[in-house]
Amino acid sequence: MNKLENKEFQYTLLENGTIELTKYIGNKTELELPQYIDNHLVTSIGSLAFEETPVQRLVIPKNIVNIHSQAFCICRKLEDIIVNDDNEHFSSLNGILYSKDQTSLICYPNGKTDFNFIIPDSVKIIESCAVSCNRYLYCVYIPDGVKEIKDFAFGTSFMLKEVWIPASVEKIGKDAFAGCEMDDIVGMFIGVYIDEPTFVVLCVYEDTIAMEYAIANKLHYSILDENEQFQGVITGIEALQKMLNS
């Protein structure tokens, strides 16, 4: 593979003659990915391609067929991912990246500022790193029907405090919730004083894979009653800061 560069991207020429974007080096906050570079079709986005970039809104054209699981990790300002309707492999809903049929959740943007996320009922798989590195998300509801939560799916989303996991989940990957905690250092990083460390709680049903995973990985968990309904919490950053500082 040849490593190349233009004014906006570092990229490699793949063996099939198409291009993988390996690093965005431009300064745009709104960016539509190119269909061609040097007459070669752009088909892939590589690992950490948007790490620490200013991009807030990203448009993925129809030609992209492969996106690395860590493509948008540590892209702290990214709020919205929009996929061209003609793309045959990916789709987006409310700025969140999914597979075309929306059975796989691929990327919840790092900079998306919602505090609650109800995953669509269509989703069956939460992909590796899908909800990682977000600094705002507080509660996630995983619907019945999801079968797998892959490695590091929620990793280092350190504001995350509550994840509802249904009995349908059959597999949870390595370090799926690693780094989902806030200590003094993390609190200083986001400008919030905390009296003591906080941590994610997995809301699970009794005698399920999720409960076994929580126990095996020494994670905090709460047993759900069958009649409990997801309520979500926190509607704004001021409310969150008030809560943490109370």
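Note that the structure is predicted; figures quoted are calculated from it, not measured. Along each chain, residue indices are assigned from 1 in the same order as the chain's sequence is written. Residue-level local features of this predicted model are given only where pLDDT is at least 70; pairs of side-chain atoms are given and counted only at 80 or more, and the full residue set underlies all totals for whole chains, interfaces and linings. Excluding hydrogens and water, the side-chain figures rest on all heavy atoms present in the structure.

**What about the sheet that holds strand β22 (residues 220-223)?**
Then, number 1: A strand pair is defined by DSSP finding two or more bridges across the two strands. Strands here are runs of E lasting at least two residues and helices are runs of H or I lasting at least four, both read from the DSSP assignment and numbered beginning at the N terminus. The strand order across the open sheet formed by 5 strands is β13-β15-β17-β21-β22, and the pairing between neighbours is parallel. The open sheet has two free edges, formed respectively by β13 (116-118) and β22, since each of these has just one partner strand. Across the sheet, the mean angle from the axis of one strand to that of its neighbour is 15°, orientation sign disregarded.
Then, number 2: Alignment of strand β21 (residues 201-204) against β22, held across 4 bridges, turns out to be parallel. Residue Cys-203 lies in a different strand from β22, and its bridge partner there is Ser-222.
Then, number 3: Two residues form a contact once any of their heavy atoms are found within 4.5 Å. Angles shown run from 0 to 180 degrees and are taken between the N-to-C directions of axes, each axis being a line fitted to C-alpha atoms and, for helices, limited to the stretch in contact. This element, helix α2 (residues 209-216), spans β21 and β22 of the sheet and lies at about 150° to β22.

**Overview of the environment of Ile-19**
Then, number 1: Mapped onto the elements of the fold, Ile-19 is located in strand β3 (residues 19-24).
Then, number 2: Only protein chains enter the area calculation, which uses a 1.4 Å probe; residues under 20% of their type maximum are buried, those over 50% are exposed, and those in between are partly exposed. Taking relative accessible area as the criterion, Ile-19 reaches 1% and is therefore assigned buried.
Then, number 3: Separated by 16 residues in the primary sequence, Ile-19 and Gln-35 have C-alpha atoms spaced 9.7 Å apart.
Then, number 4: With residues up to four places along the chain from it excluded, the contact list for Ile-19 reads Tyr-11, Thr-12, Leu-13, Leu-14, Ile-37, His-40, Leu-41, Val-42, Thr-43 and Ser-44.

**Let's talk about the packing of aromatic side chains**
How two aromatic rings sit relative to each other is given by the distance of their centres and the angle of their planes.
Then, number 1: Stacked, tilted and edge-to-face pairs are distinguished by plane angle, under 30 degrees for stacked and over 60 for edge-to-face with tilted covering the rest, among Phe, Tyr and Trp rings (Trp via its six-membered ring) whose centres lie within 6.5 Å. Scanning the model with the defined rule gives 9 aromatic pairs in all.
Then, number 2: When the ring of Phe-154 is compared with that of Phe-177, the centres are 5.2 Å apart and the planes differ by 5°; the resulting orientation is stacked. With Phe-154 in the loop between β16 (148-149) and β17 (162-164) and Phe-177 in the loop between β18 (171-172) and β19 (181-182), the pair connects residues that are 23 residues apart, well separated along the chain.
Then, number 3: Among the aromatic residues, those joined into a ring-pair cluster are Phe-9, Tyr-24, Phe-50 and Phe-72.

**Observations regarding α2**
Then, number 1: Buried within α2 are the following residues: Ala-210, Met-211, Tyr-213 and Ala-214. In a view along the axis of α2, the buried residues occupy a sector of 160°, so they form one face of it. Seen from the open side of α2, the exposed residues pointing more than 90 degrees away from its buried face are Glu-212 and Ala-216.
Then, number 2: Where α2 is buried, its residues meet β18, β21 and β22.
Then, number 3: One or two steps after α2, the chain reaches Lys-218, where phi turns positive at roughly 55°. Directions drawn from the helix axis to the C-beta atoms are what define this arc.

**Concerning the pairing of strand β6 (residues 40-45)**
Then, number 1: In terms of strand pairing, β3 meets β6 through 3 bridges, oriented parallel. Of the residues in β6, the one forming a bridge with Ile-19 is Val-42.
Then, number 2: Judged from the 2 bridges that link them, strand β5 (residues 36-37) and β6 form a sheet pairing that is antiparallel. Paired with Tyr-36 across the two strands is Leu-41, which belongs to β6.
Then, number 3: The hairpin turn running from β5 into β6, its antiparallel successor, is 2 residues long, and Asp-38 in that turn takes a positive phi close to 50°.
Then, number 4: Where β6 meets strand β8 (residues 66-67), 2 bridges bridge the pair, whose relative direction is parallel. Each residue of the ladder has a partner; that of Ile-45, found in β8, is Ile-67.

**Here we look at the sheet that holds strand β11 (residues 96-99)**
Then, number 1: A sheet is described by the order of its strands in space; here 6 strands give the open sequence β10-β11-β12-β14-β16-β18, paired in mixed fashion. A strand with exactly one partner marks an edge of an open sheet, and here the two such strands are β10 (90-93) and β18.
Then, number 2: Relative to strand β12 (residues 104-107), β11 runs antiparallel, the two sharing 2 bridges. By the bridge assignment for β12, Leu-97 is matched with Cys-107.

Remember, this is a structural readout, not a statement about activity or role.
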